[in-house]
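Each chain, written out:
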Amino acid sequence: MAVQAEPAAAATGPQTTVAAGTPRDPARWLLPAAAVLLVAVLGVYVADLATHLSSMAAMRDLAVYRNGGLIVRHVAPAYDSHRASPLYDWTGQNGVQFTYPPFAAVIFAVASVLSWTAMRGAMTLVSLAALGLSLWLVFGALGYAGRPRIRLGATCGVAALALLTEPVQETLGLGQINLLLMLLVVADLLAPSALAGRTHWWHGIGIGIAAGVKLTPLIFIPYLLLTRRYRQAATAAGTFAVTVALGYAIVPKDSNTYWWHRLFLNANRIVFLGTRGNQSLRGILARLAGSVTSGTAPWIVAAIVVVVAGLAAAAVLYRAGHPVAGMLACALTGLLVSPLTWDHHWVWVAPGIALLAHLGARARGAVRAGWWAAGGALVLVFGAWPQFWDLSQSGLTPAGLFWYGPATYFARGDEPWYHEFHWHGLQLLAGNLFVLAGLAALAALCVAAVRARHRLGR
């Protein structure tokens, strides 16, 4: 099924034709202005990094990935042959454990040959490149493939805004792989040949690999089925199966623990599911219910409703010729229904900003102002704000407005005295901000899907 890229400009009324290269040509100011903005934001990031090196360069999650790779390579002290499951019985600083599928450890067995310093630098550079490439593909799918100067300017400008958000900053600070996984998914879904209906044998491999590293991208396989991209869905599912098989071949005991003994279903083993950092429906309902157990039944009901509505909206939007909106509806669905969605998983805010910027650019007057105001609100809600409510933490170190809710750090289980169960007033709003914003965005996409279906039915 071929899907046309969204138009880069809409016929919303009489427009004045402007020759390329004239002072009113957007390409003349967009690219240099976006480049200046990107350099300025990168400068602030580097300055922040230099002044908060101990916290921003600690990369605690990358250390977990690295230790997982060292365990696969049987390198002590991370590896201990006396453990029944060397990978999942390992415990690091503050009680952290390896929580990802075995395939993730297999990948980092290769990366762990780098020195710790080299690995941190490489992860930062590769993540920044992944952000830029993802946005480049998004703007191509939005109709700018034939306008490279505007496409590059838009990519630089939105990349700069995305770097100001907490999920991207936290991904960089923790050494997480969210931006890389997003690129794998975006490249699969928005490749020009895939949008044109020319599916190649490799389309779907990216989603399968991403799901093999973290399970959440599995949500894109039913999305591919609903949009009738059966070959791509089969390739993604097959690739995921290969990642599982590789795990069994290389680390059989750990794979048996993770899959056969269903360790992957026990998210509460690694963290308190009501923790502030869990910005999903599971997290918010646990916090509101007063316990993880009491929030389980409401979460199951809410997750079913969101999955049905979200995937249906995603499929309709894709068929209506809006592949970026469809992709975002699917991504939001996965983020909301996952039992554990860390704040840094919300890097999908970057293509969200891109879509709103595009909608504003193709509109006129008050409508344009409305779309761009929505984009600005998205940046503000997900922004990496200094903790101005706590002067002892008020440096540039990335935080977010949702950090206003007090948190119980490195907690497990389900204890009534955890801070998150006692939020009130503004803490409830701020502490659940990503989930509320995600629900609002998905609701807007569902409305757009209904309208698109109505137009298709005429």
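This is a predicted model, so every value here is computed, not measured. (Residues numbered from 1 in each chain as written. Predicted model: local features only at pLDDT ≥ 70, side-chain atom pairs only at ≥ 80, totals over all residues. Heavy atoms only, no water.)

Trainee: Which residues make up the overall build of the chain, and what values go with them?
Mentor: What the chain contains, in helices and strands, is 20 helices and zero strands. The C-alpha atoms of the chain give a radius of gyration of 22 Å, which matches the 23 Å a tight globule of 458 residues would have. With respect to the principal axes defined by its C-alpha atoms, the chain has extents near 75 × 55 × 45 Å. Here the contacts in the chain between residues at least 6 apart in sequence split such that 70% fall between residues at least 24 apart. Across the chain, the centroid of the 30 positively charged side chains sits 16 Å from that of the 15 negatively charged ones. (Helix = DSSP H or I, 4+ residues; strand = E, 2+ residues; numbered from the N terminus. Rg over C-alpha atoms; globule rule 2.2 N^0.38 Å. Contact = heavy atoms within 4.5 Å. Lys, Arg positive; Asp, Glu negative; His and termini not counted. Charge placed at Lys NZ, Arg CZ, Asp CG, Glu CD.)

Trainee: Run through the packing of aromatic side chains, naming residues and quoting values.
Mentor: Counted under the stated rule, the structure contains 21 aromatic pairs. Aromatic side chains Tyr-223 and Tyr-318 sit 6.4 Å apart centroid to centroid with 80 degrees between the ring planes, which places their arrangement in the edge-to-face category. Of this pair, Tyr-223 sits in helix α11 (residues 220-226) while Tyr-318 is found in helix α15 (residues 296-319), placing the two residues 95 residues apart along the sequence. The burial state of Tyr-223 is the same as that of Tyr-318; both residues are buried. When the ring of Tyr-258 is compared with that of Phe-264, the centres are 5.9 Å apart and the planes differ by 40 degrees; the resulting orientation is tilted. (Phe/Tyr/Trp six-rings, centres within 6.5 Å; stacked < 30°, edge-to-face > 60°. Buried < 20%, exposed > 50% of the residue type's maximum accessible area, 1.4 Å probe, protein only.)

Trainee: Can you explain helix α14 (residues 281-289)? Please cite residues and give values.
Mentor: A large share of α14 lies buried, amounting to seven of its nine residues. Along α14, the positions that sit buried rather than exposed are Leu-281, Arg-282, Gly-283, Ile-284, Leu-285, Ala-286 and Arg-287. Residues of α14 that are buried sit in contact with α15, α16 (323-337), α19 (426-431) and α20 (433-456). Phi for Gly-290, located one or two positions after α14, is positive at around 95 degrees.

Trainee: Describe the environment of Ser-81, with residues and values.
Mentor: Here Ser-81 shows up in the loop between α3 (60-72) and α4 (102-111). According to the relative accessible area criterion, Ser-81 is partly exposed, its value standing at 46%. Separated by 79 residues in the primary sequence, Ser-81 and Ala-160 have C-alpha atoms spaced 46 Å apart.

Trainee: Residues and numbers for the nonpolar core, please.
Mentor: Counting residues in hydrophobic clusters, the biggest one holds 117 residues, and the most contacted among them are Phe-98, Leu-131, Leu-189, Leu-190, Phe-220 and Trp-348. Residues within four places of Leu-131 in sequence aside, it is in contact with Ala-159, Ala-162, Leu-163, Val-168, Leu-179 and Ala-350. In terms of nonpolar packing, the next biggest core, distinct from the first, is built from eleven residues, Ile-270, Phe-272, Ala-286 and Leu-340 among them. (Core = buried A, V, L, I, M, F, W, Y, C linked by side-chain atoms within 4.5 Å.)

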